[in-house]
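Coordinates in review
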Amino acid sequence: MTIPFYLGQQVNRALATAGLELPEGFAAVVTPAADTRFGDYQTNAAMVLAKVMKMNPRVLAEQIAGVVETGGLCGTPTVAGAGFINFSVLPEALAGKLEALLGDDRLGVGEVEEKRTVVIDFSAPNVAKQMHVGHIRSTIIGDCLARTARFVGHRVITDNHIGDWGTQFGMVLYGWKRELDAAALAADPIRELLRLYKAVNAQSKGEEVAKEAGERADTPTRDACKAELVKLQAGDAENLAIWEQCVAVSKAGLETVYEKLDVGFDHWLGESYYNGMLSGVVKELEEKGIARESEGAVCVFFDDIPAMADKAPFIVRKSDGGFGYATTDVATVKHRVETWGADAIWYVVGAPQALHFEQLFATVGRMGLQPELKHIAFGSILGADGKMMKTRSGESVGLLEVLEEAEERARATVEEKNPDLTEEEKLEIASAVGIGAVKYQELSQGRLTDYKFVWDKMLAFQGNTAPYLQYSYVRTRSIFRKLEGEVVLAGPYVITEKEEKELALTLCRFAEAVPAVLEDFRPNVLAGYVYDLARAFHSFFEACPVLRAEGEQRATRLALCELTSRVLRKGLELMGIRVTEKM
Ligand code: ARG
């Protein structure tokens, strides 16, 4: 149980025993103090209550403070300002908490009472196109949410819903049959697929532009590509064989990226997986009166939902008879609920798809499917110039190249700071630091804001960066290396200095930070916490000598170092960031 949760309970108990007539459903909430000069935690309960009960807030606050029982955790609460009740955690109580944390492999983080089956849909790039830097956001945020949800006890199923059935395949098939370069395919298959896709796409776009300008009457390439796609989706053997080859090659390429990122999936059920269910889904929607024909297509309308009434309908069968992204996603929800027993499905997908998900959620709701459905949206990644991140030739930047560059840059820093490490150590550190920096830059932002991708900033050893946190971890470990195994972590512990107290309290707050990530899907809460912890550690480390201290003080400081190291490591692990023992 977290400290604020416990204190909240105690305040509510005090209110109940004080014989006050509380408004229906009222519960006091205790939060970290806004101003730590007055205490560590606070509640505004007296102010809220005084308003409804037409009482003097300070008088009420004093009355409550006088009867709250904190079981030795805090001294008598004090009242400040307009009626805040403040709690200061006692050093003896914190020492006891240290002891408890040291013996707890969950580091104080509780398990949720209601364990749910949560499907997390993230990354999901479109194959035969390049996985680009924009996919960083979905992949890294999704992975952090999956790790966190697992840690708090949910049954998590991660599913990479790759786009392996869409219009790009019409183009790839068209190009494959006309201008495939077999040698290039053998040498670098993804590059060759990409070349085909781009060449055909450009040709098709060119025709469309010309048609629009009145320079030509038809768009033969686009039509031919569409025909290839229809053939594929209808099960044409030749097209299926080519498609299978393309998907296999693309998956292998994606695997390289995921391996570098240390991201894994329980399933890779892409769009194609649902092909056989699509006509059944449309039939069900029509039979239940959820979808109807309109201008040759079959659509779901949302005239009764004001925010969606004036938008285009959700098209589950196009006028040419084909099914698209919408139909596939309906089938996907059904599958996840019916086969996996999903209680919740979280989609980590960019903000531009907001309407698609609103329509999807409303549609499956009408079908009677009731899992919790969340679209966890995010903004864009910008280049250092503040514009959309592009290569010099104007294309989107490939993710693999970005990750390789991150490792190379980190490698140069390691070389400069610590040239005596072995080659193996240098590579390991460069990878942990480079990849960690990219991930942390992502996770430390509010997910809805756009952010700039700036190498020097994310790789700096000072400031709110992964290298700073990883270096803090190394520092906690170096103490124990100096002790050469002599360490015995044994109390009793005593907390006397304010830096010790601050660090101990911050360690206890890991239990508050982890569940908060899932409240509104904000990995940046965890990132902010880990950063606070590292800073509290550095202040402590500067003010309080560890190895030169003696007796209980030395034991306490060693315990603080050990716990800081464990919590840093676990916190970073939940973000998918590795630590190393040296740097
Ligand atoms: N492939 C899609 C894209 O890159 C994302 C898919 C997200 N998941 C889903 N079930 N729609 O835009």
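Report follows, based on the coordinates. (Residues numbered from 1 in each chain as written. Predicted model: local features only at pLDDT ≥ 70, side-chain atom pairs only at ≥ 80, totals over all residues. Heavy atoms only, no water.)

All right, on to the overall build of the chain then. Secondary structure assignment for the chain yields 22 helices and 13 strands. If you line up the chain on its principal axes, its C-alpha atoms span 85 × 70 × 40 Å. The burial tally for the chain puts 51% of its 583 residues in the buried class. Across the chain, every contact between residues at least 6 apart in sequence was considered, and the portion connecting residues at least 24 apart equals 72%. Surface summary for the chain: the accessible area is close to 26600 Å², and the carbon and sulfur share equals 51%. Taking the 65 positively charged and 83 negatively charged side chains of the chain as two groups, their mean positions are separated by 2 Å. (Helix = DSSP H or I, 4+ residues; strand = E, 2+ residues; numbered from the N terminus. Buried < 20%, exposed > 50% of the residue type's maximum accessible area, 1.4 Å probe, protein only. Contact = heavy atoms within 4.5 Å. Areas by Shrake-Rupley, 256 points an atom, 1.4 Å probe, with all protein chains shown as cover. Lys, Arg positive; Asp, Glu negative; His and termini not counted. Charge placed at Lys NZ, Arg CZ, Asp CG, Glu CD.)

Our focus in this paragraph is the site of the ligand. Taken together, Asp121, Ala124, Asn126, His161, Tyr325, Asp329, Tyr347, Val349, Gln353 and Phe357 make up the full set of residues adjacent to the ligand. The contact in question runs from a nitrogen atom of the ligand to an N or O atom on the side chain of Tyr325, over 2.7 Å. Taking Gln353, its side chain carries an N or O atom lying 2.8 Å from an oxygen atom of the ligand. A class-by-class count of the residues in the shell around the ligand yields 5 nonpolar, 3 polar and 2 charged. (Near = heavy atom within 4 Å. Polar contact = N/O pair within 3.5 Å; in protein donor to acceptor, adjacent residues only side chain to side chain. Nonpolar A, V, L, I, M, F, W, Y, C, P; charged D, E, K, R; others polar.)

As summarised here, the arrangement of the 3 strands in space is S7-S8-S9, forming an open sheet in which the pairing is antiparallel. Taken across any chain shown, the strands that pair with only one partner, and hence form the sheet edges, are strand S7 (292-294) and strand S9 (314-317). For this sheet the average axis-to-axis angle between neighbouring strands, irrespective of direction, equals 50 degrees. As judged from the 3 bridges shared by S7 and strand S8 (residues 297-300), these two strands associate in the antiparallel manner. Bridging across to S8, Glu293 finds its partner in Val298. (Pairing = 2+ DSSP bridges. Axes fitted to C-alpha atoms, helices over the stretch in contact; angles between N-to-C directions.)

Another aspect to go through is the environment of Asp164. Looking at where Asp164 falls in the secondary structure, it is placed in the loop between strand S6 (155-159) and helix H6 (168-179). Here the alpha-carbon distance between Asp164 and Gly463, two residues 299 residues apart in the chain, equals 41 Å. Not counting the four nearest positions on each side in its chain, Asp164 is found in contact with Val127, Phe169, Trp243, Val247, Gly270, Glu271 and Ser272. For Asp164, the side chain forms a polar contact with the main-chain nitrogen of Glu271, separated by 3.0 Å.

This part covers the pattern of salt bridges. In total, this model carries 35 salt bridges according to the counting rule given. With its nearest N and O atoms 2.6 Å apart, the salt bridge here joins Asp35 to Arg37. We classify Asp35 as partly exposed; its relative accessible area is 27%. One continuous salt-bridge network, built from bridges that share partners, spans Arg477, Glu562, Arg566, Arg569 and Glu581. (Salt bridge = Lys/Arg side-chain N within 4 Å of Asp/Glu carboxyl O.)

This part covers helix H13 (residues 325-340). Between its first and last C-alpha, H13 extends 21 Å over 16 residues, near the 22 Å set by a 1.5 Å rise per residue. Taking burial as the measure, the 16 residues of H13 include 12 buried ones, the bulk of the element. All of the buried residues in H13 are Ala326, Thr327, Thr328, Asp329, Val330, Ala331, Thr332, Val333, Lys334, His335, Arg336 and Trp340. Buried residues belonging to H13 abut strand S5 (117-121), S6, helix H11 (278-287), S9, strand S10 (344-348) and helix H14 (354-366). (Expected span 1.5 Å × (residues − 1).)

Time to look at the packing of aromatic side chains. Under the defined criterion, the tally for this structure stands at 16 aromatic pairs. A centroid spacing of 5.9 Å and a plane angle of 45 degrees characterise the contact between Phe357 and Phe361, whose relative ring orientation is tilted. In this pair, Phe357 and Phe361 both sit in helix H14, 4 residues apart, roughly one turn of the helix. The same class applies to Phe357 as to Phe361, namely buried. Measuring from ring centre to ring centre gives 5.2 Å for Phe537 and Phe541, while their planes differ by 25 degrees; the resulting arrangement is stacked. With a gap of 4 residues between them, Phe537 and Phe541 both fall in helix H21 (residues 523-543), about one helical turn apart. Here Phe537 falls in the buried class, since its relative accessible area comes to 0%. (Phe/Tyr/Trp six-rings, centres within 6.5 Å; stacked < 30°, edge-to-face > 60°.)

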